[in-house]
Amino acid sequence: WVGHGLKPRDFLFFGVRLVRVGSSLGCAIPFSHGSEKIGYQVRLFSDKLKEKYQAKWLSVGKHFCSPLLATPYLEFSQDKRTLVITEDIISAMRCGRHCFSLPLLGVHLKDEHLCAIFSEQFEKIVVWLDNDNESVCRAAKKIRDRLKATFNTVRIDLKKEPKEFVHERELREVIFRG
């Protein structure tokens, strides 16, 4: 999980911390609303603990909606009006090097997501979910269809997730070719 193209500066910027849950370790990625910490996504390293909770991720904190992510790299980006909607936070962190990104923490676009999207007035939206099964593909199409009346919206139909790209140049080409 840690090896998906993330660099130490990514962990520092996003405030990722090593945490102990019971007798196991994990990484916690904080979510904020303004200056207030409202929750964490925790990825556990122990297979036994993952089985106990029956999930790779634990969401801890107040009910929250995933925030728009921008990284320190954004100031060097040529395109600040593009948003990539991803399924998970690691893919969003990777895409955030090139444009704004929004991790859904699942496959459903909520009203809170729509408010965040409309408040930024993006010129282009890229929907890039994991496409690992038919229900995810249907969800991605539904999101694209919901947004395309207002925004230039494209859907990336690759089996490869943003976090699986080794080279930033290739990831950037996929984001901006649509």
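Source: prediction; values computed, not measured.

*Asks:* Please give an account of the sheet that holds strand β7 (residues 124–128) that cites residues and values.
*Replies:* Read from one edge to the other, the open sheet built from 4 strands follows the order β6-β5-β7-β8, with strand pairing classed as parallel. Either end of the sheet is taken by a strand with one partner, and the two such strands are β6 (100–103) and β8 (152–155). Within this sheet the neighbouring strands show an average axis-to-axis angle of 20°, counted without direction. Examined bridge by bridge, strand β5 (residues 82–86) and β7 share 5 bridges and lie parallel to one another. Residue pairing in the sheet places Val 84 in a bridge with Val 126 of β7.

*Asks:* Run through unusual backbone geometry, naming residues and quoting values.
*Replies:* Not every positive phi belongs to a glycine, and Leu 105 is a case in point at roughly 60°. Positioned with a positive phi, Asn 131 is a non-glycine residue whose angle comes to about 55°. With respect to the helices and strands, Asn 131 occurs in the loop between β7 and α5 (134–147). Since its relative accessible area comes to 0%, Asn 131 is described here as buried.

*Asks:* Give me α5: which residues, what numbers.
*Replies:* With 14 residues, α5 should reach 20 Å at 1.5 Å per residue; the first-to-last C-alpha distance of 20 Å fits that figure. Those residues of α5 that fall on the buried side of the exposure criterion are Val 136, Cys 137, Ala 139, Ala 140, Ile 143 and Leu 147. Looking straight down α5, one finds its buried side chains confined to an arc of 160°; they lie on one side. Its buried side turned inward, α5 meets β5, α4 (111–120), β7 and β8.

*Asks:* I'd like a description of the side chain of Thr 82, backed by residues and values.
*Replies:* Inspection of the secondary structure assignment puts Thr 82 in strand β5. In contact with Thr 82, not counting residues within four places along its chain, are Cys 99, Phe 100, Phe 122, Lys 124, Val 126, Ile 175 and Phe 176.

*Asks:* Tell me about the packing of aromatic side chains, and please be specific about residues and values.
*Replies:* Under the defined criterion, the tally for this structure stands at 3 aromatic pairs. Both rings, one in Phe 100 and one in Phe 122, keep their centres 5.6 Å apart while their planes meet at 65°; by these two values the pair is edge-to-face. Taken together, the residues Phe 100 in strand β6 and Phe 122 in the loop between α4 and β7 connect sequence positions 22 residues apart. With respect to class, Phe 100 is no different from Phe 122; both count as buried. Arranged with centres 5.7 Å apart and planes meeting at 80°, the rings of Trp 128 and Phe 165 form a pair that is edge-to-face. In this pair, Trp 128 is assigned in strand β7 and Phe 165 in the loop between β8 and α6 (168–177), connecting sequence segments 37 residues apart. Summarising the burial analysis for this pair, Trp 128 and Phe 165 share the class buried. The ring of Phe 165 has Lys 160 sitting right over it, with the charged end atom 4.3 Å from the ring centre.

*Asks:* How would you sum up a nonpolar patch on the surface? Please name residues and give values.
*Replies:* Side chains of Leu 18, Leu 25 and Phe 45 sit close together on the surface and give an oily, nonpolar patch of about 280 Å² of accessible area. Along the chain, the position of Leu 25 falls in strand β2 (residues 24–33). The exposure class assigned to Leu 25 is partly exposed, which follows from its relative accessible area of 33%.

*Asks:* An account of α6 is needed here, citing residue identities and associated values.
*Replies:* Every buried residue of α6 is accounted for by Leu 171, Val 174 and Ile 175. In a view along the axis of α6, the buried residues occupy a sector of 100°, so they form one face of it. Opposite the buried face of α6, at more than 90 degrees from it, the exposed residues are Arg 169 and Arg 177. Looking at the buried side of α6, the elements it contacts are β5, α3 (89–95) and β7.

Reading guide: rules and limits
Residues numbered from 1 in each chain as written. Predicted model: local features only at pLDDT ≥ 70, side-chain atom pairs only at ≥ 80, totals over all residues. Heavy atoms only, no water. Pairing = 2+ DSSP bridges. Helix = DSSP H or I, 4+ residues; strand = E, 2+ residues; numbered from the N terminus. Axes fitted to C-alpha atoms, helices over the stretch in contact; angles between N-to-C directions. Buried < 20%, exposed > 50% of the residue type's maximum accessible area, 1.4 Å probe, protein only. Expected span 1.5 Å × (residues − 1). Arc of directions from axis to C-beta. Contact = heavy atoms within 4.5 Å. Phe/Tyr/Trp six-rings, centres within 6.5 Å; stacked < 30°, edge-to-face > 60°. Lys NZ or Arg CZ within 6 Å of the ring centre and 35° of its normal. Patch = residues over 30% accessible without salt bridge, like charges linked within 9 Å, V, L, I, M, F, W, Y side chains within 5 Å. Areas by Shrake-Rupley, 256 points an atom, 1.4 Å probe, with all protein chains shown as cover. Salt bridge = Lys/Arg side-chain N within 4 Å of Asp/Glu carboxyl O.

By themselves, these observations are geometric and do not establish any function.
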